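Letter by letter, the chains look like this.
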Amino acid sequence: VSPGGALNVTGGGFVPGENVPVVLYSSPVVLTTAVADAAGSINTDVVIPADTTAGTHTLVAFGSEQALVAQIEVAGPAPATPATPVQGTAPSYTG
């Protein structure tokens with residue numbers, strides 16, 4: 001996923017009706033708080049912050065009785081497009 005991109009987070013085993021914070025680590029950032037449905041499941045979309053550094057990060061959904069953990073790979077910025085050289089003659093100056 002790229003910084004600023006979205007992910008869908010799903011999981012089960014939570015207490016029905018409980019709030020389940022979804023946190024991105026290396027530096028903890030709460031992305032959202034989902035509410036577990038009657039079956040104890042969550043299904044929510046999160047957006048990876050635009051300033052997230054490239055590399056492997058940990059996504060954790062914290063319930064009162066368990067936590068679900070996933071590793072995600074955040075892509076680096078798109079490579080810069082090299083400038084196309086402009087051909088022509090150099091300006092001349094007289095003075």
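The rules behind the values
Residues numbered from 1 in each chain as written. Predicted model: local features only at pLDDT ≥ 70, side-chain atom pairs only at ≥ 80, totals over all residues. Heavy atoms only, no water. Helix = DSSP H or I, 4+ residues; strand = E, 2+ residues; numbered from the N terminus. Contact = heavy atoms within 4.5 Å. Buried < 20%, exposed > 50% of the residue type's maximum accessible area, 1.4 Å probe, protein only. Polar contact = N/O pair within 3.5 Å; in protein donor to acceptor, adjacent residues only side chain to side chain.

## A word on the environment of Gly-4
Reasoning step 1: Residue placement: Gly-4 occurs in the segment before strand 1 (6-11).
Reasoning step 2: Here Gly-4 is in contact with Val-47, Ile-48, Pro-49 and Ala-50, once residues within four sequence places are set aside.

## Quick look at the environment of Thr-33
Reasoning step 1: Its place among the elements puts Thr-33 in strand 3 (residues 29-35).
Reasoning step 2: Taking the relative accessible area as the measure of exposure, Thr-33 reaches 42% and is therefore partly exposed.
Reasoning step 3: Considered as a pair, Thr-33 and Val-20 are 13 residues apart in the sequence and their alpha carbons are 5.3 Å apart.
Reasoning step 4: Residues contacting Thr-33, with those up to four places away along its chain left out, are Asn-19, Val-20 and Pro-21.

## Considerations on the side chain of Glu-18
Reasoning step 1: Structurally, Glu-18 is set in the loop between strand 1 and strand 2 (19-25).
Reasoning step 2: Only 2.8 Å separates the side chain of Glu-18 from the backbone nitrogen of Ser-64, close enough to count as a polar contact.
Reasoning step 3: Aside from chain neighbours lying at most four places away, what touches Glu-18 is Ala-34, Val-35, Ala-36, Gly-63 and Ser-64.

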